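In case you want the letters, here they are:
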Amino acid sequence: MIARLGARGDGIADTPAGAVYVPYTLPGEIAEVEQWPGHPDRRHLVAVDVASPDRIAPICPHFTVCGGCALQHLATARYRDWKRALVTGALAQAGLDAPVDDLIDAHGEGRRRAVFHARRSAHDVLEVGFAALRAHRVVAIDRCPILGPGLSGAIETAWAVAEVLTGLRKSLDIQVTETDAGLDVDIRGSGALTAATMAELAQVAARRRLARLTRHGEIVAQRAAPALQIGRARLLLPAGAFLQATVAGEAALARLVAEHCEDADAVADLFCGVGPFALRLAERARVTAADNDAGAVAALQRAAAGTQGLKPVDAVVRDLFRRPLSRTELKRFDAVVFDPPRQGADAQARELAASAVPVVVAVSCNPATFARDARILVDGGYRLVRVTPVDQFLYSAHVELVARFQRTENGRQRTGKR
């Protein structure tokens, strides 16, 4: 019998030999399974003999074949409980106690960016789609219900690009992003291309009316500037740039960040990317933004410089893993926002823990590394005031969060402007 759900959304059965993980099963279910070669603690689901009352019909015909979604079969209320528990569980494991808000549903209209994989199968058939569950093979798809309307035509575009490059017999990643001017597509993995192949790709871009088509950031064709609105600012998107997965997700995270920084005159935005927080915070505070992605920082600088009514924005290229802002550099800020990649920000958290910054706002896509960094801050004298989980990766095992830390001094909270 399946006893509980694991952190990846797999059902877990407790056996004399230890825990066994069975994807696509739910607590209370009895299932028929088979061996998973090379994984003694995992099983493939063959059939559900006794179903949970929380089991519902999935919304996608590719579910359980495509590895993109883990929990389309779980009723909404239980799904939300489980996703919030990813956060509360990580905090408990780190010995942290803080109020955790209800999960915010930030799926909105759906995903605004996706990375499609293109590979030739063992039978030499071109397949374009998403990776199978914990496997290197690609599941060919013709639809995906979690994509937003702005990605209409994205799958067909990925297929068209892959078909032009199929003779290379290379594994491709094709990133498609929704912009205000249309789809922005970046191809990775193709290697150098001939002029004739580049011309074929340009024809695809013209037929599909793409805003831009690039290869490893190099422009192949551009019909219109792929721009986005971020607060008051208009940002020209760098090729292959990282964005929050949904428009609603970015808005929810930015709203929480702004709320936690509302009393600050000077804010540092660390791991800033293209500036979804910095450009909004600059509407009422001076901002210093830092990231190791030079293209993202340059785009942020241009957007800030071209927007009237913003407070000064100083955007710099800096590797915060190797050179975190020091406790001395942090003295001039009323609040610091940090939004690192999945590995967290151990070095920067240690400098923050030794600083006197009144308010620290953490944004994270990994509850485990967040909890590790939060432990460092709390041990350094901060109080974890509030944590808000945000779900923009519907049906997946990923959850975002925003947390506020307050510096304490002589037993009293330090708040606001200096």
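Remember, it's a predicted structure, so these values are computed and weren't measured experimentally.

**Structural notes on the overall build of the chain**
In terms of helices and strands, the chain carries eight helices and 23 strands. At 23 Å, the chain has a C-alpha radius of gyration in line with the 22 Å of a compact globule built from 418 residues. Along the three orthogonal principal directions, the C-alpha set of the chain runs to about 65 × 60 × 35 Å. A burial count over the chain gives 51% of its 418 residues as buried. Counting every atom, the chain has about 18500 Å² of accessible surface; 50% of that belongs to carbon and sulfur. Counting 52 positive and 47 negative side-chain charges, the chain places the averaged centre of each group 4 Å from the other.

**Topic: a nonpolar patch on the surface**
A cluster of nonpolar side chains, Met1, Ile30 and Val50, forms an exposed patch at the surface whose accessible area comes to about 290 Å². Within the secondary structure layout, methionine 1 lies in the segment before strand S1 (4-5). Since its relative accessible area comes to 66%, methionine 1 is described here as exposed.

**Focus: the packing of helix H1 (residues 76-93) against helix H8 (residues 367-379)**
H8 packs onto H1 with a crossing angle of 35° between their chain directions and a minimal axis gap of 9 Å. Once H1 is placed against H8, the crossing between them reads as right-handed. Within the contact between the two elements, H1 uses Leu86, Val87, Ala90 and Leu91 and H8 uses Pro367, Ala368, Phe370 and Ala371. For the contact of H1 with H8, the residue count by class is eight nonpolar, no polar and no charged.

**Some remarks on the sheet that holds strand S9 (residues 138-140)**
Here seven strands make up an open sheet; going across it, the order is S9-S8-S7-S10-S11-S12-S13 and the pairing mixed. The open sheet is flanked by S9 and strand S13 (218-222), the only strands paired with a single partner. For this sheet the average axis-to-axis angle between neighbouring strands, irrespective of direction, equals 30°. Pairing between strand S8 (residues 126-131) and S9: three bridges, direction antiparallel. Among the inter-strand pairings, glycine 129 is bridged to a residue of S9, identified as alanine 140. Together, strand S7 (113-120), S8, S9, strand S10 (172-179) and strand S11 (182-188) form the strand contacts of helix H2 (residues 154-165), whose direction differs from that of S8 by roughly 135°. The strands touched by helix H3 (residues 195-207) within the sheet are S11, strand S12 (212-215) and S13, with S13 carrying the most contacts at an inclination of about 45°.

**Digging into the side chain of glutamine 175**
Inspection of the secondary structure assignment puts glutamine 175 in strand S10. Residue class for glutamine 175 comes out buried when judged on its relative accessible area of 17%. Among the polar contacts made by the side chain of glutamine 175, one reaches the main-chain carbonyl oxygen of alanine 241 at a distance of 3.2 Å.

**Section: the state of the cysteines**
Cysteine pairs can be covalently joined through their sulfur atoms, and such a bond is termed a disulfide. One pass over the full model with this rule turns up zero disulfides. With no disulfide of its own, cysteine 272 lies closest to cysteine 261 among cysteine sulfurs, the gap being 14 Å.

**Some words on the environment of arginine 207**
Take arginine 207: it is sitting in helix H3. Given the relative accessible area of 59%, arginine 207 is considered exposed. Taking the C-alpha atoms as reference points, arginine 207 and threonine 157, 50 residues apart in sequence, are found 9.6 Å from one another.

**Considerations on the packing of helix H7 (residues 346-353) against H8**
Two elements in contact, H7 and H8, have axes separated by 8 Å at closest approach and are oriented at 20°. Put simply, H7 runs roughly parallel to H8. Pair H7 / H8 crosses with right-handed handedness. Listed contacts from H8 to Asp346, Ala349, Arg350, Leu352 and Ala353 of H7 are Arg372, Asp373, Ile376 and Leu377. Considering only residue class, the contact of H7 with H8 consists of five nonpolar, no polar and four charged.

**Brief notes about the nonpolar core**
By size, the foremost hydrophobic cluster in this structure holds 84 residues, and its most contacted members are Phe116, Ile174, Leu270, Phe338, Phe370, Val387 and Phe405. If you tally residues by element for this core, the top one is H2, at seven residues. Excluding its chain neighbours within four sequence positions, the residues that come into contact with isoleucine 174 are Ala114, Val115, Phe116, Ala118, Ala158, Val161, Ala162, Val185 and Asp186. Counting 41 residues, the second largest nonpolar core, distinct from the first, contains Ala106, Val274, Ala303 and Val402.

Conventions used here
Residues numbered from 1 in each chain as written. Predicted model: local features only at pLDDT ≥ 70, side-chain atom pairs only at ≥ 80, totals over all residues. Heavy atoms only, no water. Helix = DSSP H or I, 4+ residues; strand = E, 2+ residues; numbered from the N terminus. Rg over C-alpha atoms; globule rule 2.2 N^0.38 Å. Buried < 20%, exposed > 50% of the residue type's maximum accessible area, 1.4 Å probe, protein only. Areas by Shrake-Rupley, 256 points an atom, 1.4 Å probe, with all protein chains shown as cover. Lys, Arg positive; Asp, Glu negative; His and termini not counted. Charge placed at Lys NZ, Arg CZ, Asp CG, Glu CD. Patch = residues over 30% accessible without salt bridge, like charges linked within 9 Å, V, L, I, M, F, W, Y side chains within 5 Å. Salt bridge = Lys/Arg side-chain N within 4 Å of Asp/Glu carboxyl O. Axes fitted to C-alpha atoms, helices over the stretch in contact; angles between N-to-C directions. Left-handed = near helix turned anticlockwise from the far one by under 90°. Contact = heavy atoms within 4.5 Å. Nonpolar A, V, L, I, M, F, W, Y, C, P; charged D, E, K, R; others polar. Pairing = 2+ DSSP bridges. Polar contact = N/O pair within 3.5 Å; in protein donor to acceptor, adjacent residues only side chain to side chain. Disulfide = S-S within 2.5 Å. Parallel < 35°, antiparallel > 145°, perpendicular 65-115°, else oblique. Core = buried A, V, L, I, M, F, W, Y, C linked by side-chain atoms within 4.5 Å.

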